[in-house]
Amino acid sequence: KKLISDIKPNIVHLNSSKTGVLGSMAARRLNVPRIIYTAHGFVFNEPMSALKRWVYTRAELGTAKRVDTVIAVSEFDRTAGIKGGIAENKIIAIHNGIDSASLHFLPKEDARAKLNATTSKPIIGCIANFYATKGLDVLIGAMADIDAQLVIIGDGELRPQLENQIKKLISPKPEKVTTTAKSADEVMTTFLSKGRETAKEIAPKMTEKFGYKNLL
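All values derive from a computational prediction rather than experimental measurement.

Structural notes on the side chain of Ser 24
Then comes step 1: Looking at where Ser 24 falls in the secondary structure, it is placed in helix 2 (residues 17–29).
Then comes step 2: Separated by 3.1 Å, the side chain of Ser 24 and the backbone oxygen of Val 21 make a polar contact.
Then comes step 3: Those residues in contact with Ser 24, other than ones at most four positions away along the chain, are Leu 14, Thr 19, Ile 35, Thr 63, Arg 66 and Val 67.

Have a look at this one:
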């Protein structure tokens, strides 16, 4: 509220559920001409109790009423928002884009070395936030029966649990699954295939939506 009072913006753009609730209340109270809220996946689609889902749904609906436009990052999320009670004429889908000029790719062998992915076996890559809805625990569990190396690029609150799962399930070969918090763009060449080499990217999700995703 103080920041809005100080700079007196013509537009306020809010991101995330908590910021959406608090920011929209402050912006509306201070008569900001235009308020926009981007929902990077609605929280009420996450695994949670019925009571918690009801609370988050009410919070998202309150935000939607206070803002002028809600931006969803996929058609799935736009549909979910409408089903949740957001007016259809208030929510639009704008898909994510990438500024290709800002990307820096390492040579493939350097990228693989940086990820410790120098095995002669097939490589499976995954880029994800370490959240429950990404289903990374399911992917890691499946690797016990797959003759390949999995490289997970990302970070998040579930890192300790996932690393512990790797140690238990993949033993005595923990190198079969590796994780790193390094920037994804420079090592994407790890997953380029040439000749008889095999490299695949996988994007597990416990919810059906298409948000941030790189395709090679």
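Focus: the packing of helix 2 against helix 3 (residues 50–66)
Then comes step 1: With their axes 9 Å apart at the nearest point, helix 2 and helix 3 run at an angle of 35° to one another. In this structure, helix 2 crosses over helix 3, and the sense of that crossing is left-handed. Note on element contacts: helix 3 touches helix 2 through Ala 59, Glu 60, Thr 63 and Arg 66, opposite Ser 17, Gly 20, Val 21, Ser 24, Met 25 and Arg 28.
Then comes step 2: A class-by-class count of the residues in the contact of helix 2 with helix 3 yields 3 nonpolar, 4 polar and 3 charged.

Quick word on the packing of aromatic side chains
Then comes step 1: By the definition in use, this model includes 1 aromatic pair.
Then comes step 2: Ring centres of Phe 42 and Phe 44 lie 5.0 Å apart, and the angle between their planes is 5°; this geometry places the pair in the stacked category.
Then comes step 3: Assessed through its relative accessible area of 0%, Phe 42 is described here as buried.

Here's the deal with the environment of Ile 82
Then comes step 1: With respect to the element layout, Ile 82 can be found in helix 4 (residues 75–84).
Then comes step 2: A relative accessible area of 27% means that Ile 82 is categorised as partly exposed.
Then comes step 3: Spatially, the C-alpha atom of Ile 82 lies 10.0 Å from that of Leu 61, the residues being 21 residues apart in sequence.
Then comes step 4: Every residue in contact with Ile 82, bar those within four places of it in the chain, is listed here: Glu 88 and Ile 91.

Quick notes on the pattern of salt bridges
Then comes step 1: Going through the model one piece at a time under the given rule, you end up with 4 salt bridges.
Then comes step 2: Here Asp 155 makes a salt bridge to Arg 159, at a shortest N to O gap of 2.8 Å.
Then comes step 3: Given a relative accessible area of 16%, Arg 159 falls into the buried group.
Then comes step 4: Within this structure, Asp 155, Arg 159 and Glu 163 form a network of salt bridges that share partners.

Focus: the pairing of strand 5 (residues 123–127)
Then comes step 1: Burial analysis of strand 5 places 4 of its 5 residues in the buried class, the great majority of the element.
Then comes step 2: Inspection of the sheet shows strand 5 paired to strand 6 (residues 149–153) by 5 bridges, in the parallel sense. Paired with Ile 124 across the bridge in strand 6 is Leu 150.
Then comes step 3: The parallel pair strand 5 and strand 6, bridged by helix 6 (residues 136–142), forms a crossover whose chirality is right-handed.

Examining unusual backbone geometry
Then comes step 1: A positive phi angle is found at Lys 8, which is not glycine, with a value near 50°.
Then comes step 2: Within the secondary structure layout, Lys 8 lies in the loop between helix 1 (2–7) and strand 1 (11–15).

Structural notes on the nonpolar core
Then comes step 1: Counting 18 residues, the largest nonpolar core has Phe 42 and Val 70 as its most contacted members.
Then comes step 2: When residues of this core are traced back to their parent elements, those giving at least two are strand 1, helix 2, strand 2 (34–39), helix 3 and strand 3 (69–72).
Then comes step 3: Considering every element that reaches this core, the biggest residue donor is strand 2, with 3 residues.
Then comes step 4: Once you skip the residues sitting within four places of it in the chain, Val 70 turns out to touch Tyr 37, Phe 42, Ala 64, Lys 90, Ile 91 and Ile 92.
Then comes step 5: Counting residues in each nonpolar core, the second largest holds 14 residues, with Leu 139, Ile 140, Leu 150 and Ile 152 among its members.

Each value, and the rule that gives it
- Residues numbered from 1 in each chain as written.
- Predicted model: local features only at pLDDT ≥ 70, side-chain atom pairs only at ≥ 80, totals over all residues.
- Heavy atoms only, no water.
- Helix = DSSP H or I, 4+ residues; strand = E, 2+ residues; numbered from the N terminus.
- Polar contact = N/O pair within 3.5 Å; in protein donor to acceptor, adjacent residues only side chain to side chain.
- Contact = heavy atoms within 4.5 Å.
- Axes fitted to C-alpha atoms, helices over the stretch in contact; angles between N-to-C directions.
- Left-handed = near helix turned anticlockwise from the far one by under 90°.
- Nonpolar A, V, L, I, M, F, W, Y, C, P; charged D, E, K, R; others polar.
- Phe/Tyr/Trp six-rings, centres within 6.5 Å; stacked < 30°, edge-to-face > 60°.
- Buried < 20%, exposed > 50% of the residue type's maximum accessible area, 1.4 Å probe, protein only.
- Salt bridge = Lys/Arg side-chain N within 4 Å of Asp/Glu carboxyl O.
- Pairing = 2+ DSSP bridges.
- Right-handed = clockwise from strand over helix to strand, strands pointing away.
- Core = buried A, V, L, I, M, F, W, Y, C linked by side-chain atoms within 4.5 Å.

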